[in-house]
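Fold and geometry: a report
Residue strings, one per chain:
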Amino acid sequence: MPDSSVSTTRAGEITERRERVERRIRDLLDRMTLDEKVGQLNQVNGHDGGVTDELAHRVRAGEVGSILNEVDVRTVNELQRIAVEESRLGIPLLVGRDVIHGFRTILPIPLGQAATWDPELVRRGARMSALEAAGHGVRWTFAPMVDIGRDPRWGRVAECLGEDPHLAGALASAMVQGFQGEDLADPGSLAACAKHFAGYGAGEAGRDYNTTNIPEGELRSVHLPPFRAALGAGVATFMASFSDLNGIPASANRFLMTQVLREEWGFDGFVVSDWESIPQLCIHGLTADDREAGLAAATAGVDMDMVGEVYADHLAELVVEGALHEALVDVMVARVLRVKLRLGLFERPYTEPERFPVEPPPSHFALAYDAAVRSAVLLKNDEGLLPLAMDGIGSIAVIGPLAQEPQEQLGTWVFDGDPGFSITPLEAIGVLAAEGVHGPTGPVKVRYVRGLETTRSEDRWGLPEVVEAAGAADVALLFLGEESVLSGEGHCRSDISLPGAQEALIRAVRATGTPVVLVVMAGRPLALEAVLDKVDALLFAWHPGTMAGPALADLLFGRAAPSGRLPMTFPRVTGQVPIYHAHRNTGRPPTPETFVHMRDLPRGASQFSAGAASYHLDTHYTPLFPFGFGLTYTTFAYSDLQVTPARMATDGEVRVSVTLENTGERDGVEVVQLYVRDPVASVTRPVRELKGFRRVALEAGARRTVTFPLPAAALAFPGRDMQPVVEPGEIQVWVGGDAHTALGAAFEIVAP
Ligand code: BGC
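Computed from a predicted model, the values in this text were never measured in an experiment.

There is about 1,400 Å³ of room inside the largest pocket. Taken together, 50 residues form the lining of the largest pocket, with E218, R220, S221, V222 and P225 sitting closest to its centre. At the level of elements, helix 7 (165-180), helix 8 (216-223), helix 9 (225-232), strand 23 (689-698) and strand 25 (717-718) are the ones that each hand at least two residues to the lining of the largest pocket. Per-element tally for the lining of the largest pocket: the top contributor is helix 8, with six residues. Looking at side-chain class alone, the lining of the largest pocket contains 25 nonpolar, 13 polar and 12 charged residues.

Here we take up the nonpolar core. The biggest cluster of nonpolar side chains holds 107 residues, and the ones touching the most others in it are F197 and F238. Two domains each donate at least three residues to this core, and these are domain 1 (4-355) and domain 4 (636-750). Excluding its chain neighbours within four sequence positions, the residues that come into contact with F238 are C193, A194, F197, F227, L231, L261, W265, F267, F270, V271 and V272.

Time to look at the environment of D305. With respect to the element layout, D305 can be found in strand 10 (residues 305-306). Residue D305 is classed as buried on the basis of its relative accessible area, which comes to 0%. Those residues in contact with D305 that lie beyond four places of it in its chain are L41, N42, Q43, S273, I278, V310 and Y311.

For R220, the location among the structural elements is in helix 8. Assessed through its relative accessible area of 17%, R220 is described here as buried. Dropping the residues within four chain positions of it, R220 is found in contact with P225, F255, Q259, V260, E264, P718 and M722.

Ordered in space as 4-3-2-1-10, the five strands form an open sheet in which the pairing is parallel. On the outer flanks of this sheet lie strand 4 (140-141) and strand 10, each paired with one strand and no other.

Here the focus is empty space enclosed by the protein. Going through the model one piece at a time under the given rule, you end up with five cavities of 30 Å³ or more. Among the residues making up the lining of the largest cavity, the classes are represented as nine nonpolar, three polar and four charged. Approximately 50 Å³ is the volume found for the second largest cavity. Around the second largest cavity sit I100, P110, F142, A143, P144, M145, E159, L161, M175 and K195, which together line it. Taken together, the residues of the lining of the second largest cavity break down into eight nonpolar, no polar and two charged.

Here the focus is the site of the ligand. Not every one of the 13 residues close to the ligand is listed here, only the nearest: D98, R156, K195, H196 and D274. Measuring from an oxygen atom of the ligand, one finds a side-chain N or O atom of D98 at 2.5 Å. Contact distances for the ligand include 2.7 Å between an oxygen atom and a side-chain N or O atom of H196. Surface burial for the ligand is 94%, taken as the share of its 310 Å² of free accessible area covered by protein chains.

Attention now moves to the packing of aromatic side chains. Under the criterion given, the structure shown has 20 aromatic pairs. When the ring of F227 is compared with that of F238, the centres are 6.0 Å apart and the planes differ by 25°; the resulting orientation is stacked. Here the residue F227 occupies a position in helix 9, and F238 occupies one in strand 6 (residues 237-240), the gap between them amounting to 11 residues. In this structure, F227 and F238 share a single accessibility class: buried. Between W542 and F570 the ring centres are 6.0 Å apart and the planes differ by 85°, which places this aromatic pair in the edge-to-face class. Note that W542 is positioned in the loop between strand 18 (537-540) and helix 20 (548-556) and F570 in the loop between helix 20 and strand 19 (636-644), a separation of 28 residues in sequence. The buried category is assigned to W542, whose relative accessible area is 0%.

Reading the values: the criteria
- Residues take numbers from 1 onward in each chain, read along the sequence in its written order.
- Reporting of local features is limited, given that this is a predicted model, to residues whose pLDDT is at least 70; pairs of side-chain atoms are given and counted only at 80 or more, and all residues count toward the totals for whole chains, interfaces and linings.
- Excluding hydrogens and water, the side-chain values take into account all heavy atoms of the structure.
- Here a cavity means grid points, on a 1 Å grid over the protein atoms only, where a 1.4 Å probe fits yet cannot get out; a pocket means an open set of points with protein on both sides within 12 Å along at least five of seven lines; lining residues are those with an atom within 4 Å of a point.
- Grid points are joined across faces, edges and corners, and a volume is the space filled by probe spheres set on the points.
- Helical segments are the DSSP runs of H or I of at least four residues, strand segments are the runs of E of at least two, and each set is numbered from the N terminus.
- For this classification, the nonpolar set comprises Ala, Val, Leu, Ile, Met, Phe, Trp, Tyr, Cys and Pro, the charged set comprises Asp, Glu, Lys and Arg, and every other residue, Gly included, is treated as polar.
- To qualify as a nonpolar core, a set must consist of buried Ala, Val, Leu, Ile, Met, Phe, Trp, Tyr and Cys residues joined through side-chain atoms within 4.5 Å.
- Here the term buried applies to any residue with accessible area under 20% of the maximum for its type, exposed to any over 50%, and partly exposed to those in between, with areas from a 1.4 Å probe on protein chains only.
- All the domain ranges listed were derived from an automatic or database domain assignment.
- Any two residues whose heavy atoms approach within 4.5 Å are treated as being in contact.
- Two strands qualify as a pair provided DSSP detects at least 2 bridges between them.
- In these notes, residues near a molecule or strand are those with any non-hydrogen atom within 4 Å of it.
- Two N or O atoms count as a polar contact when they lie within 3.5 Å, although within protein this holds only if one can serve as hydrogen donor and the other as acceptor, and sequence-adjacent residues are included solely when both atoms are side-chain atoms.
- Method for areas: the Shrake-Rupley scheme with a 1.4 Å probe, in which residue coverage is limited to the protein chains shown.
- Stacked, tilted and edge-to-face are the three classes applied to pairs of Phe, Tyr and Trp rings, where Trp contributes its six-membered ring and a pair requires centres within 6.5 Å; stacked means planes under 30 degrees apart, edge-to-face means over 60, and tilted covers the rest.

Next up, the structure:
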């Protein structure tokens, strides 16, 4: 059969399936009582195994539409049986769980996955997570979190996909595709949830749950695009943010939930509140009591109440009193039923655990290993210390509180992750030393010294032993950073330097004269300027997950090469944040000529003896490492940047191409990045914006042309009237290995 008829048949099937779903929704709504309708909008917390009488009663009475945090498959099936067989209409439950970066097998934290710049790997990771979770009765995950993270003090940057809307959007789509699979009705698929709509990442001072003030243009060009991308990939649900947006908390924000999401974007799935974010509308100071809060959330467009019990307690009464139209309740219920029907829950309410592997198969660990390898970012490598050349090394000192921590290497949000599966760096290095790598005098000797009780310990009693071990070794491998509890929800920091006595530990090791490799595991970018000149090599590993050990050992010993690139800008010191590549220029941008550090100001300097430009006196104005940065064991050169044609219409497309050459001695992977700037526009635009990227594997000495299509539509931005506009004029273009790349060109957009 020719392709076109295949696609016509497929389109026909989709339309027919859609119509069937809508017919069933209408039929159910016709038969539902008001209380049963409200029940569908109510999500309750599970009890971690076992069906309580109260929960059974509520499910039987049709008072519950969804349950979260129940992953005992027998309990899930029993609850489902009560819903399907004992409730009047037999509507199945939707069971949700935070499956954020793996389920049993743990992948790198999402920010680490973002550092792979590898959408296909991210998709496969989400697919794996879905299969593991679905075997436990879960059919809905509260992921991906696509909030833009530009303030590393915020603990939840660990869960986000970085600072950049283009990168986050590409990876969010990949995650959605992975979780939801080819067909939501496949028992191994999870409905995904794009969260937290919207602006949650912009909380003032990087404090979780904090107020956000985001002008609409900024919202539309920075915070909303990754959500739009997730929707483009078919995301089934959205979650409202906890945060207050410009005076109207997201959970009561009609502009977000109805105008943007439904009217502009045409979303037809449902929106769930965040945990008790509806009753919290009173705490915000928006509503006087829960009844008002329920009315505000429902009329704004929030369909399901997560745990708040506000809809359960007040929606029916609001309808009876005439404050809320039942027709609106019907719309809300229809959205929930639509997702349940799309998931095939009516046909297959029960989980058949035997369809899924009991324990993660080897392929899952292999994928977790690949993701951990690709997420690590090599930030410094003086004199090519890495990969460790074993012919000169007889002994290694492995030092630090994170070298042997099966739980900490997993990071935040690992409800179901099993640290029993973890392989730690110390274990993996031990295996390599015993079996694989040999120094000049036989197997390499490995000595481990923890040094500090935790990453937060101020107590220095362990440092003498650290110094002794480092002094006696040929190389010191330091595993430092943050334990998992220092990032994640509600875990923000005001100072993002290495906590506790870790800087002192690094200084002590440095003083021994032994070469130092610092491996950082952390849930956020850290401010590492104070220690950078005290280490010879720096590998930033995030929280790499189950397979941290083998991945890091292989990177350190050269069995794999680093290919991660920073998904967030790394500041020198905390006071620089928020610092991100796509900032606007200001009228007084700092330059080498205008910048003066305060130590260089003469005594009695007058007010304008410094440059009167936009920088801090006590640090440099550049970050420590720019967005997109990362080294590897070879080098790459870029040349011959071309844009063709040199002029395009406002609805046209150009092609940007560059020659990439591997100029080193080893094969390697480069992440080629395309940036643009619109230097004169009706609304000031960022100095650089990422518009494309590609991971390119290149053999030593090889060259390749890399080409990016750049359609005019990708250059559209919200104009003064908030409508997307592509304006005629010059567009500057850069291609290279990070956001500071200098290889540039330009082309012109002309009016049609
Ligand atoms: C978080 C959500 C999460 C929910 C359910 C909330 O506290 O903000 O991201 O999905 O809890 O666990």
